[in-house]
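# Results of the structural survey
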Amino acid sequence: MRCRAAFTVLALVFVFSFRGHGAPASTEGTHPGKDALVYLASGSDKYAKGDLDGAISDYDRALRLNPKLAEVYYDRGLARYDKGSLEDALADYDQAIKLNPQYEDAYVNRALARDDKGDHDGAIADENTALKLDPHDAYAYNNRGWAHYGKGELDAAIADYNRAIQLDAKLSQAYNDRGVAEREKGDLTGAIADYTRAIAMDPQDEQAYYNRALAHDDQGDTEGALADDNQAIRIDAKYTDAYVSRAEIKLEQEDWDGAIADYNEAIQIDPENSGAYNERGLAWYHKGEASSAVADYTQALRIDPKNANACNNRGNVEKALGQLDAATSDYNQALVIDSQCGNAYNGLGMVKQARNDLAGAAADYAQALRLDTKNAEAYSNLASLDIAKGNWDAAIANADQALRIDGNFSQAYNNRGVARYHKQDVKGALADYDQALQIDPNDEHAYNNRGLVLQANGDLEGALADFNLAIQIDPQFSEALHNRAWAKWHAGDVLGALTDLF
């Protein structure tokens, strides 16, 4: 939770007199000002205990008795904010400020509500007013920093966090928030140092552990990232984002079952989490469960029809299943949602290439790269298109570019190997296939292609071994079955060859 000014707790001493004979049984309304303060104190006590509805009910009673108490509007605004009722909270802060234009805490907290609604400029204006009233309010500086962050003004945000820390070196939230801005700027070392400071001040700060996990993952420290996500979940077993973060790391590790288990937890906590359904779909797809993947993408889109990634991902599965019309429809819909979705253009290019529309495919790959010059897959697909056209040098150049962007892209090594082989660079081709298989030991295409090179160079035993592995991965891989048949024929296994062919 972001920083805010503490709510007003009134230290009240109430003087009661004994009820004399004939006095009314209830004194409510007899002294409305005093009764209003009683309800204010009761509401504050309930708020402190987490009873938001009870607190709001007491504040309502206080305001019926005395509608001129700015403190009651302010405290009710806090309770309504915590319930997620931003409009109601804003209305209460507005009224508190109307009654008391010098109410600095009300400006600070109205800024939070405005920022949550995306009104970053309004939030900054309120924090500016608060700081004019109290130039030493660390919370106001920190919250203004968050509003600057929301506008993408990272340097201004960090400057405000710095000032907040100067004013209050024990404000752990400021270190956490500064870490978020530093990570956004690419300063992972600074971010991790700030998250660590926040944790040292508050060892139960699950948010700081989660944020540090993201930074560790950015650094490639998956062990550190998993440890921090685990700790965040130990502190808060309902921390959805931490489950999703841990699942994403497991996806990177190709632990499909582990990723699915974590996404299951996230979805159980938040059944309307479109992103978790989308990402679980990726895990199902990699696990070979295409129907489950499509179901998850469809559910993600039911929850959020504007989820372009889910639309694009469903198109990828449909394309892999040979459902090219459905894939085209999803890619086009992704572009309706987000015209800058380069991956959708890349997908359309693959569909067109599969339909032998090479010119259309080239145009789509080019558009994907105009939108994202770091799209390694689009460069690799251009290389495959060049291979289809017999442009070996262009294929190698595009594969090289893909590998400069992503040195672990097995598909690019495979495509470059094909082009090198056609240029009679047998050694280079074998090296590329070896590298592709080191990255992805389940790449049936690389096994098939390496088998062809080995067969052409007289190594029938090695070729048969590679064709066998390709078919083991995909028993319906017709090209590998055909190639193994010819290898068996040349090895003298005529019956085996005929079995593969027929």
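Residues numbered from 1 in each chain as written. Predicted model: local features only at pLDDT ≥ 70, side-chain atom pairs only at ≥ 80, totals over all residues. Heavy atoms only, no water.

For the rest of this paragraph, the subject is the overall build of the protein. What the protein contains, in helices and strands, is 28 helices and zero strands. Here the C-alpha radius of gyration of the protein, 31 Å, is well above what a compact globule of 502 residues would show, namely 23 Å. Based on the C-alpha atoms only, the size of the protein along its principal axes is roughly 120 × 45 × 40 Å. Across the 502 residues that make up the protein, the buried fraction comes to 49%. Just so you have it, the protein exposes about 24400 Å², and 48% of that area is on carbon and sulfur atoms. (Helix = DSSP H or I, 4+ residues; strand = E, 2+ residues; numbered from the N terminus. Rg over C-alpha atoms; globule rule 2.2 N^0.38 Å. Buried < 20%, exposed > 50% of the residue type's maximum accessible area, 1.4 Å probe, protein only. Areas by Shrake-Rupley, 256 points an atom, 1.4 Å probe, with all protein chains shown as cover.)

This part is about a nonpolar patch on the surface. On the surface, Trp486, Trp489, Val494, Leu498, Leu501 and Phe502 cluster together to form a nonpolar patch covering roughly 640 Å² of accessible area. Counting only elements with at least two residues in the nonpolar patch, the list comes to α27 (478-490) and α28 (494-501). The greatest single-element share of the nonpolar patch, amounting to three residues, is contributed by α28. Along the chain, Leu498 turns up in helix α28. By relative accessible area, which is 36% here, Leu498 ends up partly exposed. (Patch = residues over 30% accessible without salt bridge, like charges linked within 9 Å, V, L, I, M, F, W, Y side chains within 5 Å. Salt bridge = Lys/Arg side-chain N within 4 Å of Asp/Glu carboxyl O.)

This part covers the side chain of Ser380. One can find Ser380 in helix α21 (residues 376-389). Residue classification places Ser380 among the buried residues on the basis of a relative accessible area of 0%. The residues contacting Ser380, other than those within four sequence positions of it, are Ala402, Phe409, Gln411, Ala412 and Asn415. (Contact = heavy atoms within 4.5 Å.)

We now examine the packing of helix α13 (residues 240-252) against helix α14 (residues 256-269). Between α13 and α14, the least distance of the axes is 8 Å, while the angle of their chain directions is 165°. In terms of their interaxial angle, α13 and α14 are classed as roughly antiparallel. You can see that α13 and α14 cross each other, and the crossing is left-handed. On α14, the residues touching Thr240, Tyr243, Val244, Arg246, Ala247, Glu248, Lys250 and Leu251 of α13 are Trp256, Gly258, Ala259, Asp262, Tyr263, Glu265, Ala266 and Ile269. Taken together, the residues that form the contact of α13 with α14 break down as nine nonpolar, two polar and five charged. (Axes fitted to C-alpha atoms, helices over the stretch in contact; angles between N-to-C directions. Parallel < 35°, antiparallel > 145°, perpendicular 65-115°, else oblique. Left-handed = near helix turned anticlockwise from the far one by under 90°. Nonpolar A, V, L, I, M, F, W, Y, C, P; charged D, E, K, R; others polar.)

Applying the stated rule across the entire model yields 34 salt bridges. For the salt bridge of Lys151 with Asp121, the shortest nitrogen-to-oxygen distance reads 2.6 Å. In this pair, Lys151 is assigned in the loop between α7 (138-150) and α8 (154-167) and Asp121 in helix α6 (residues 120-133), connecting sequence segments 30 residues apart. The class for Lys151 is partly exposed, based on a relative accessible area of 37%. Taking relative accessible area as the criterion, Asp121 reaches 49% and is therefore assigned partly exposed. A single network of salt bridges, built from pairs that share partners, joins Asp60, Arg76, Arg80 and Asp92.

For the rest of this paragraph, the subject is α27. The terminal C-alpha atoms of α27 lie 19 Å apart, and with 13 residues this matches the ideal 18 Å at 1.5 Å per residue to within 8%. Every buried residue of α27 is listed here: Ala480, Leu481, Asn483, Arg484, Ala485, Ala487 and Lys488. Those residues of α27 that are buried lie in contact with α25 (444-456), α26 (460-473) and α28. One or two residues past the end of α27 sits Gly492, with phi positive at roughly 90°. (Expected span 1.5 Å × (residues − 1).)

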